[in-house]
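Structural overview
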Amino acid sequence: MTVRVRYAPSPTGDPHVGNIRSALFNWLYARHTGGTFIVRIEDTDQARLVPGSVETILDALRWLGLDWDEGPGSQTPHGPYVQSERLDIYKEHAARLIIEGKAYECYCTPARLDAVRKARQQARQPTGYDRRCRELEGARQAREENPSAKPVVRFKMPEEGNITVNDFVRGEVTFDAALLDDFVLLKSDGYPTYHLANVVDDHLMEITHVMRAEEWLPSAPRHRLLYEAFGYEMPRLIHLPLILGPDRSKLSKRHGAASVLEFREMGYLPDALVNFLALLGWSLDESSEVFSKDDLVKHFTPERILANPAVFNIEKLDWFNGLYIRDMDDAVLADALVPWLEDPEHGLPANALPVNREYLASIVPLERERLKRLSEAPEMLSFFFEERLHYDPALLVPKGLDADGARDALEAALATADGTDDWSVAELEASYRALAERLEVKTGQLFGAVRVAVTGRTAAPPLFDTLAVLGKERCVARLRTALTAL
């Protein structure tokens with residue numbers, strides 16, 4: 001059997017973590033088996049459509065490297081891949097079920113349905129539809145009450161007994177038929193509900209495995225009966241575990257970004273996010289955590305999908321992202337940082353020097369260990385590019401020295417820098433260690449004063465590597481400016 005799986009988002013907003021996790025798992029399984037990954041846009045809920053959502057969804061897939069084999073725009077016998085372009089197909093299937101006595105037209109108004117729901121709620125009964133139009137007399141009365149109303153089409157569900165579905169992750173799951181009402185297949189506007197469109201499309205597109213979020217598991221008994229009503233074979237169901245926040249509550253914006261593309265705007269790398277998402281509900285073993293995309297494709301199987309909820313932890317994502325940043329080639333990382341540094345709103349200060357890629361590549365080895373997100377680069381690297389630093393004089397006085405002592409130390413440091421011809425890391429370190437001994441101050445005191453003088457901050461990369469990258473001319477100038485400030 002050739003595996004055919006699909007990612008079927010609704011364009012009702014930006015794709016969130018759980019949504020894209022489903023896309024990733026389907027993509028991995030397709031690539032693992034040499035199968036087909038399909039993108040299908042489920043836009044039948046016209047009232048909730050958000051303009052631009054389709055392109056945002058596809059952009060998120062492109063950014064993460066989740067290429068699709070069939071989807072919007074594909075010219076194949078299985079298309080079109082946008083459900084609003086398939087309305088005639090759904091109407092034909094609904095009509096077929098009516099003819100065969102498996103579905104019926106319902107003329108009940110929204111007001112009546114709401115009244116029925118409230119009455120059943122007060123009576124502590126299941127709040128679904130009361131099946132009034134299922135019988136000829138009830139349908140006749142409803143039509144007479146609403147002669148101009150356009151009916152919906154409802155599926156005839158069994159009124160008693162159990163319905164069992166087999167889920168790959170959870171095994172057999174049984175539902176009480178008495179708690180499931182005659183659900184709507186076709187709405188009065190001619191658009192199908194999720195249930196009808198989903199079943200029809202999965203069959204016609206020859207989907208072999210339906211891998212979706214656990215929240216859709218309650219739909220499974222309805223879908224099973226629909227497949228049986230059409231005489232179709234049901235795909236294998238694989239329901240993915242819930243994703244919770246660290247506090248074990250439902251994942252929300254307060255736990256991290258609401259949209260997957262927000263992670264791009266926050267400075268995360270796509271491969272780091274893919275690695276992180278893959279472990280939200282899947283595990284190779286008890287210890288392995290770092291996987292390239294090729295590794296994931298090689299190892300991904302549904303047998304390793306977990307049933308327990310997964311926990312989304314932004315600190316863990318930061319750890320992954322830092323790991324992937326440290327693994328990048330200097331030139332590649334420098335290229336990745338340029339857009340962040342040159343961003344007119346959040347980039348380097350207005351007085352900064354133009355970003356030179358060669359110079360930036362020499363800075364990258366000093367800062368990569370501290371970078372967790374690319375977006376941190378402007379603040380972290382700004383002192384390398386600023387023409388003039390602004391000092392807090394108090395920071396120029398190391399602990400254990402007074403202002404006069406700090407001034408003497410910086411004057412000596414300036415003289416040493418000015419007289420040094422070999423501006424290498426080793427020579428600079430040797431010269432300043434000797435200077436600290438001659439001044440009879442601790443190396444930490446001297447180095448601390450010099451660090452603030454040349455960077456404007458107390459925390460920076462290793463001092464002598466920083467001096468070497470900044471260059472003699474700039475360091476001498478900054479030492480002079482620092483002395484003036486002190």
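Okay, so let's go over this structure.

How each quantity is defined
Residues numbered from 1 in each chain as written. Predicted model: local features only at pLDDT ≥ 70, side-chain atom pairs only at ≥ 80, totals over all residues. Heavy atoms only, no water. Helix = DSSP H or I, 4+ residues; strand = E, 2+ residues; numbered from the N terminus. Buried < 20%, exposed > 50% of the residue type's maximum accessible area, 1.4 Å probe, protein only. Core = buried A, V, L, I, M, F, W, Y, C linked by side-chain atoms within 4.5 Å. Contact = heavy atoms within 4.5 Å. Axes fitted to C-alpha atoms, helices over the stretch in contact; angles between N-to-C directions. Parallel < 35°, antiparallel > 145°, perpendicular 65-115°, else oblique. Left-handed = near helix turned anticlockwise from the far one by under 90°. Nonpolar A, V, L, I, M, F, W, Y, C, P; charged D, E, K, R; others polar. Pairing = 2+ DSSP bridges.

Next up on the list: the environment of Gln-445. Along the chain, Gln-445 falls in helix α17 (residues 443–455). Residue Gln-445 is classed as buried on the basis of its relative accessible area of 12%. For the pair formed by Gln-445 and Gly-138, sequence separation is 307 residues and the distance between their alpha carbons is 91 Å.

What follows concerns the nonpolar core. In a soluble, globular protein the nonpolar side chains are often hidden away together inside. Ranked by internal contacts, the top residues of the largest apolar core, which has 111 residues, are Leu-337, Phe-384, Phe-385, Tyr-432, Leu-446 and Leu-467. Broken down by element, the residue count for this core peaks at nine residues, all from helix α1 (residues 17–33). Contact partners of Leu-446, with chain neighbours within four places excluded, come to Ala-409, Ala-413, Tyr-432, Leu-435, Ala-436 and Val-441. Grouped together as the second largest cluster of nonpolar side chains are 36 residues, Leu-97, Tyr-191, Leu-196 and Ala-220 included.

A few words on the packing of helix α16 (residues 425–439) against α17. One can describe the packing of α16 onto α17 by two numbers: an axis separation of 9 Å at closest approach and a directional angle of 120°. Overall, the two elements α16 and α17 adopt an arrangement that is oblique. Regarding α16 and α17, the two cross each other, and that crossing is right-handed. For the pair formed by α16 and α17, the contact residues are Tyr-432, Arg-433, Leu-435 and Ala-436 on the first element and Thr-443, Leu-446, Phe-447 and Val-450 on the second. Split by residue class, the contact of α16 with α17 holds six nonpolar, one polar and one charged.

Turning our eyes to something else, we now look at the sheet that holds strand β4 (residues 152–155). If you trace the three strands from one edge of the open sheet to the other, you get β3-β4-β7, paired in antiparallel fashion. For this open sheet the edge positions go to β3 (103–106) and β7 (184–186), each flanked by a neighbour on one side alone. Pairwise comparison of adjacent strand axes, ignoring direction, gives a mean angle of 45° for this sheet. Strand direction decides the pairing type here: β4 and β7, joined by two bridges, are antiparallel. The residue bridging Val-153 from the neighbouring strand is Leu-186, located in β7.

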